[in-house]
Each structure stands twice: as structure tokens, then as C-alpha cells.
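Read off the chains here:
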Amino acid sequence: MKAIFLLLLGFYSGSQVGFCQIKTSKAVYHSETRIGKGRVHDGMNTLYFTPFKSLFIHNDYPKSDEYKEAGTSRNFIKGDPEGFPIFIDKKAGVLHCKSDYQAVKTLYIFKETIPTVDWMIQKESRMIGQFLCFRAKGVFGGRTYNVWFTPDIPVSFGPYKLGGLPGLILEAYSEDGMVKYTFQSFEASTADNPILEEPKNGKEISQEAFKELVVAKLLNAESLSTPAYTITNEDPPADFYIEKNQYTIISTYKKEREHKRKP
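As the structure is a prediction and not an experimental result, all values here were calculated from the model. (Residues numbered from 1 in each chain as written. Predicted model: local features only at pLDDT ≥ 70, side-chain atom pairs only at ≥ 80, totals over all residues. Heavy atoms only, no water.)

The next thing to look at is the overall build of the protein. Summing up its helical and strand segments, the protein has 3 helices and 14 strands in all. Taken over the C-alpha atoms alone, the protein extends approximately 75 × 40 × 40 Å along its principal axes. Burial status across the protein gives 46% buried among its 263 residues. Of the contacts made within the protein by residues no fewer than 6 positions apart, 53% connect residues no fewer than 24 positions apart. Approximately 13,600 Å² of the protein is accessible, and the part contributed by carbon and sulfur atoms is 53%. Side-chain charges of the protein comprise 34 positive and 31 negative groups, with the mean position of each set lying 1 Å from the other. (Helix = DSSP H or I, 4+ residues; strand = E, 2+ residues; numbered from the N terminus. Buried < 20%, exposed > 50% of the residue type's maximum accessible area, 1.4 Å probe, protein only. Contact = heavy atoms within 4.5 Å. Areas by Shrake-Rupley, 256 points an atom, 1.4 Å probe, with all protein chains shown as cover. Lys, Arg positive; Asp, Glu negative; His and termini not counted. Charge placed at Lys NZ, Arg CZ, Asp CG, Glu CD.)

Right under this line is the structure:
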């Protein structure tokens, strides 16, 4: 483990003449979810990273549009040949990701602030593969996670949008049993040679513009209502996405609208 740390340190630091050679490392996870959208995030997930940038890819995410079975229903999935990536730039303090909002069948790219998790590091430790790991507990996206991180790989990244610990997160489990990431393998220097940058396959949009788009769809649905048949839109169920209650745009708008109507 000490050798791995020194190897990483050598990759991530400059030489005596000031030349900085940055290698890209690679961690592979297996994901299992029970969210309402279906198991589109499941299977192999890959995290590529340097000290300040990371790119998380859902390798088995549908590459083209399709319908997925989810319990007794079938959900439309907007495919993504990029694998629904999540890009983080620590120096810029930003995260780029795509909208997976089910009612909008277009891929939109958001630029967000890197989420901050108030982790509580626990006393427990265990070996995962060859790495000594420590347990931490924190809340992200409405779910409480127990994670195992290793200081042997000194970067603050992890699967999905999880991170912020003094070492790479190798495993993560939500306490409600809806989301689980398990460690598969690690390469200190990968030959994959990925480009660590924000997603390209999609339309960039601000959160405010996205809200306007969703509200417009709501108003269009309501305009089709009749006295005998009411058509409207609602928020997705709480457990529909990895981030619980992720899209409350419609309910928020309806509350604002109702408040404005009151005398």
C-alpha cells in the first residue's frame, strides 16, 4: 500500500526541473439500484481521475433510446452514447452532469457547484482488496450513505457525485437499500487515455431555464384538461432517481402559483 501511495505521488507531482506529468488513474465499480427509473445506472461504472479532475461513466447505460421495465411499468430512457457522465473540476469548483428528468426527452447539461457532504468518519476499518479503508457516514441527495474510503489513494473522489473525504471512496451503500456501489478494481495509471472534460452530447442549460421548460410542459398539459377529464403533471416519485426528491419543480411552481392567487 505504501508503494501504491508513492507511485501515485510520483504520477501527481512535478520533476526536479519543474515538469509536471499527470497520469490518469482508474477505479471500476459495480452499481446496483432499486430506484423507480429502473436499473439503467446498474452494472459497470468507471471513475477516471487525476488529483483535480474526475470523470464518472455509467458504462452499461443505454447508448440509444429505449424502454426499460421497472416493476409493473415501462419507462422511456433517453439513451446517451457518452454513458451519462459526471465531470468534476476541483480547481474550478464545478460539476457537470446531465438531466435524467423523465418528462423531458432531451439530454440537458447542467453546471453545478460540487456538492458538500458533512461526513462523519467512524472508527471502523477493513481491507477492501489490498487497500486499508475507513468507514464514513453522511447525507447526500436525500439519502444517508455509509462509505468506505482509502487514504492509500489520496484523492477526494468517489462513485457518482460522492466525494470530499481524505481518500478515494471504494464502496458506498445508501441506508434505505436503494443505491449500492462496490469496488471492482484499480489502476494507478490506465492505458484507456480518456479526456477528462465536461459532457458534449447534450444542450447546456441553466437551472432556471430548465425550470421554465418543465413549467411550460405542465401548463401545456393543463390546457388540455376538460371538465370531465383532468390532465396535469406532477413531480416524479421520491425514489425515482438516485438523488431522492431530485425534481420538485412542478410542486414548487404550483405552490408559488397558489400563493399568488390568494387575495
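What follows continues from the structure just given.
Let us now look at the sheet that holds strand E12 (residues 168-174). Pairing is mixed in the open sheet, where 12 strands are placed in the order E9-E10-E11-E12-E13-E1-E2-E3-E6-E7-E8-E14. The open sheet terminates on both sides in strands that have one partner only, identified here as strand E9 (120-128) and strand E14 (203-204). Bridge count between strand E6 (residues 86-89) and strand E7 (residues 94-98): 3 bridges; the pairing is antiparallel. Note that in E7 the partner of Asp89 across the bridge is Val94. (Pairing = 2+ DSSP bridges.)

This part takes up the pattern of salt bridges. Between side chains of opposite charge, pairing is possible as soon as their charged atoms come close. This model, assessed by the stated rule, comprises 19 salt bridges. Its salt-bridge partner being Asp42, residue Arg39 comes within 2.9 Å of it at the nearest N-O pair. Salt bridges linked by common partners bring Arg143, Asp176, Asp239 and Lys244 together as one network. (Salt bridge = Lys/Arg side-chain N within 4 Å of Asp/Glu carboxyl O.)

Another aspect to go through is the packing of aromatic side chains. Within the structure shown, the criterion is met by 16 aromatic pairs. For the pair Phe49 and Phe186, a centre-to-centre distance of 6.4 Å together with 20° between the ring planes defines the contact as stacked. Of this pair, Phe49 sits in strand E2 (residues 43-49) while Phe186 sits in strand E13 (residues 179-187); the two residues are 137 residues apart in sequence, bridging distant segments of the chain. Ring geometry for Phe210 and Tyr247: centres 6.3 Å apart, planes at 50°, overall tilted. Placement of the pair is Phe210 in helix H2 (residues 207-223) and Tyr247 in the loop between H2 and helix H3 (249-261), with a sequence separation of 37 residues. You'll find Phe210 and Tyr247 in the same group, each marked buried. What links up through ring pairs into an aromatic cluster is the set Tyr101, Tyr108, Phe110, Phe210, Phe240, Tyr241 and Tyr247. When the ring centre of Phe52 is taken as origin, the NZ or CZ atom of Lys91, which lies over that ring, is 4.7 Å away. Against the face of Trp148 rests Arg126, its NZ or CZ located 5.0 Å from the ring centre. (Phe/Tyr/Trp six-rings, centres within 6.5 Å; stacked < 30°, edge-to-face > 60°. Lys NZ or Arg CZ within 6 Å of the ring centre and 35° of its normal.)

The next thing to look at is the packing of H2 against H3. One way to put it is that H2 packs onto H3 with a least axis distance of 10 Å and a crossing angle of 70°. Here H3 runs roughly perpendicular to H2, going by the angle between their axes. Judged by residue contacts, Phe210, Lys211, Val214, Val215, Leu218, Leu219 and Glu222 of H2 engage Ile249, Ile250, Tyr253, Lys254, Glu256 and Arg257 from H3. Classifying every residue of the contact of H2 with H3 gives 8 nonpolar, no polar and 5 charged. (Axes fitted to C-alpha atoms, helices over the stretch in contact; angles between N-to-C directions. Parallel < 35°, antiparallel > 145°, perpendicular 65-115°, else oblique. Nonpolar A, V, L, I, M, F, W, Y, C, P; charged D, E, K, R; others polar.)

Not every positive phi belongs to a glycine, and Phe84 is a case in point at roughly 50°. Given the relative accessible area of 4%, Phe84 is considered buried. Notably, Tyr160 is not glycine yet its phi reads approximately 55°, a positive angle. Tracing the backbone shows Tyr160 in the loop between strand E11 (143-150) and E12.

Glancing now at H2. Its 17 residues place the ends of H2 24 Å apart at the C-alpha level, agreeing with the 24 Å of an ideal helix rising 1.5 Å per residue. Along H2, the residues that are buried comprise Phe210, Val214, Val215, Leu218 and Ala221. Projection of H2 onto a plane perpendicular to its axis shows the buried side chains occupying an angular sector of 135°, all on one side. Within H2, the exposed residues directed more than 90 degrees away from the buried face are Glu212 and Ser223. (Expected span 1.5 Å × (residues − 1). Arc of directions from axis to C-beta.)

In this model, H3 (13 residues) spans 18 Å end to end at C-alpha, consistent with the 18 Å of a helix rising 1.5 Å per residue. Where H3 is concerned, the buried positions are Ile249, Ile250, Tyr253 and Arg257. Take H3 and look down its axis: the buried residues cluster within an arc of 90°, on one side only. Away from its buried face, by an angle of more than 90 degrees, H3 presents the exposed residues Lys255 and His259. In the core, the buried residues of H3 are packed alongside H2.

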